[in-house]
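Descriptive analysis of the structure
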Amino acid sequence: MICSIVFPTAAREAVAAAQTHIYLDGLALEQPAGAEAGLVSGKVMVPLRVVAEGLGFEVAWEKTSGTATIKQDDTELKLVVGQATGLVDGEKVELDAAPILKNERTLVPLRFVSEQMGLEVSWDNVTKSAYLNHPDSGESSEVVPGTSSPSPEEDQPVTVPVEQPGGKDGDTSSPDSGSTDGGDFSELALIQGISFSENRLMFAVSGKVTPNVFTMTGPDRLVVDIPNAAYAEHFDNNFPLDETGQGELTVLEYPDVSKVRYSLFSTDPSTVRIVVDLNHKMQYHVNNDGSGLVTVELTADNAAPGYGLGLDGKPVVVIDAGHGGTQPGAISLTKKPEKDFTLAVALKVEALLQQEPNIDFVLTRATDVTMSLQERVKIANDLGADVFVSIHGNSIDPPSNPSGSETYYTREESIPLADIMHRHLVDATGLTDRKVRYSSLHVTRETLMPAVLLEAGYLSNKNDEALMYTEAFQQRVAEGIVAGIKEYFGL
């Protein structure tokens, strides 16, 4: 069951023990007294051992170092209380909040469970419940570019004014109501829950559906009509409905969306309508693989043909030097901080891009300053940039001693950029090709444009580190980055 993900302010951190629940594939998990799931500093935290053991993972706890080790088959996760980074098979990953210790129990961010344990997760702040679900296996999702299409009620009689694709009229305070005459509810797909997170609308449904998705203006909104569907019996337990069968989710921390509304739009045929109120025009992709979870992902609007969201019609590139200021990043074998390497390369990229008259660019930082991940993303999104390139150096604890270059992406639309940038990166470094890889990293996940994170080499490897702090190596990497950007834009 998928439920609303709404993160309240830090003032509402306290969650009564008796009110919290964790459901794994619909089954309630028993929580340790005094260390239940809840909000801590605005982040949803869940007891690690409860979730991990519910999934069949082995959990080991080292009290002296505050380290939790989670194993399943060939996968090993390591987390340290108080540290917002962890290790997955020896590779560093960033967490959106550090694990905490509460009554001798380790609590971890709910998002970590999603990213590293392969679950769909959500938090319902009304019922104080965390929902964890295994995605159903099956064929790869079909991705359909969003285009305006006629809504199913267009040629049906209705009893009140209805929203039409591309129209500017109609009530925008709640989803419009259509015909409520007739209708057979005995063989309908049932909507189990609705969620909005990571700029994605998701709804869980029992039975196969073919949603009709389209955008509207005046004001901007995304409309999802689900024909031959109705609310599940207990839907209103988690998603309150008014006397007319309408409800809404409050959306926080997503500047593109103000709220999500839902209603039983019609009973002839029975149709559930979900409306996402947008703060500006956006495009979307629909993923519906028949597994029972439908996703509509919002993406940046490309209203103008081709690239060039800059005022002069040129593509806008954001170059992000990882870490900085009080955040040194990884420390190399000879005690050099990662932040020095990333800034040196970014400044060399800047010098090269200054010679490219057909590219506009912005650096997230040009000095040794502290910047949050959220600030980096905001710069790129506020600019309406066309691509985002983040520069990093990798590191891993012994006994592993890998060498080589890797490129990371999160969203499918970033794959073409990742492939091009990685080829140029490997050519520039001359190190082992460690491939293009998926990872749910904040700066590649929350940006609205194609985004990649480049790991030029391993600061923990003697050979890589010796090269990475040389001017010649840094210049080659910078040249490779610029060459990749130019190829991507066809320049």
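These figures come from a predicted structure and were not determined experimentally.

Structural notes on the pairing of strand β8 (residues 85-88)
Here β8 shows a clear split, with Gly 86 and Val 88 buried on one side and none of Thr 85 and Leu 87 buried on the other. Direction of pairing for strand β7 (residues 75-80) relative to β8: antiparallel, over a ladder of three bridges. The residue bridging Leu 77 from the neighbouring strand is Val 88, located in β8. In terms of strand pairing, β8 meets strand β9 (residues 91-94) through four bridges, oriented antiparallel. Bridge assignment links Val 88 to a residue of β9, and that residue is Glu 91. Once β8 ends, the chain turns through two residues before running back antiparallel as β9, passing Asp 89 with a positive phi of about 50°.

Here we look at the pattern of salt bridges
Throughout the structure, instances matching the rule amount to 17 salt bridges. The shortest N-O distance in the salt bridge between Arg 273 and Asp 225 comes to 2.6 Å. One end of the pair, Arg 273, is in strand β22 (residues 270-278); the other, Asp 225, is in strand β18 (residues 221-227), and 48 residues separate them in sequence. With respect to burial, Arg 273 and Asp 225 carry one shared label: buried. Notably, a salt bridge pairs Asp 433 with Lys 435, separated by 3.9 Å at the nearest N-O pair. Through salt bridges that share partners, Glu 91, Glu 406, Arg 434 and Arg 437 make up one connected network.

A short note on the environment of Ala 428
In this structure, Ala 428 sits in helix α6 (residues 415-429). With 45 residues separating them in the primary sequence, Ala 428 and Phe 473 have C-alpha atoms 7.9 Å apart. With residues up to four places along the chain from it excluded, the contact list for Ala 428 reads Arg 476, Val 477 and Gly 480.

So, the packing of aromatic side chains
On inspection of all chains with the given rule, the structure shows eight aromatic pairs. Taken together, a centroid distance of 5.9 Å and an interplanar angle of 75° make the contact between Tyr 409 and Tyr 438 edge-to-face. Of the two residues, Tyr 409 is situated in strand β28 (residues 405-409) and Tyr 438 in strand β29 (residues 433-438); the sequence distance between them amounts to 29 residues. These aromatic residues form a ring-pair network of at least three members: Tyr 231, Phe 235, Phe 239 and Tyr 262. Positioned above the aromatic ring of Tyr 469 is the side chain of Lys 336, whose terminal nitrogen or guanidinium carbon lies 5.4 Å from the ring centre.

Thoughts on the side chain of Glu 406
Within the secondary structure, Glu 406 is located in strand β28. Note on Glu 406: relative accessible area 0%, which makes it buried. A polar contact is formed between the side chain of Glu 406 and the side chain of Arg 434, at a distance of 2.4 Å.

Concerning unusual backbone geometry
Positive phi outside glycine occurs at His 323, with the angle close to 65°. Its place among the elements puts His 323 in the loop between β25 (316-321) and α4 (338-353). A relative accessible area of 12% means that His 323 is categorised as buried.

What about the sheet that holds strand β21 (residues 257-267)?
Judged by pairing direction, the sheet is antiparallel, and its five strands sit side by side in the order β17-β18-β22-β21-β20 without closing on themselves. Both edges of this open sheet fall to β17 (212-216) and β20 (246-250), since each of them pairs with a single strand only. Each strand of the sheet is rotated relative to its neighbour by a mean of 20°, with strand direction disregarded. Pairing of β17 with β18 involves five bridges; the strand directions are antiparallel. Bridged to Met 216 within β18 is Arg 221.

Thoughts on the environment of Val 223
Within the fold, Val 223 resides in strand β18. Once the C-alpha coordinates of Val 223 and Asn 212 are considered, the two residues, eleven residues apart in sequence, prove to be 8.1 Å apart.

The rules behind these values
Residues numbered from 1 in each chain as written. Predicted model: local features only at pLDDT ≥ 70, side-chain atom pairs only at ≥ 80, totals over all residues. Heavy atoms only, no water. Buried < 20%, exposed > 50% of the residue type's maximum accessible area, 1.4 Å probe, protein only. Helix = DSSP H or I, 4+ residues; strand = E, 2+ residues; numbered from the N terminus. Pairing = 2+ DSSP bridges. Salt bridge = Lys/Arg side-chain N within 4 Å of Asp/Glu carboxyl O. Contact = heavy atoms within 4.5 Å. Phe/Tyr/Trp six-rings, centres within 6.5 Å; stacked < 30°, edge-to-face > 60°. Lys NZ or Arg CZ within 6 Å of the ring centre and 35° of its normal. Polar contact = N/O pair within 3.5 Å; in protein donor to acceptor, adjacent residues only side chain to side chain. Axes fitted to C-alpha atoms, helices over the stretch in contact; angles between N-to-C directions.

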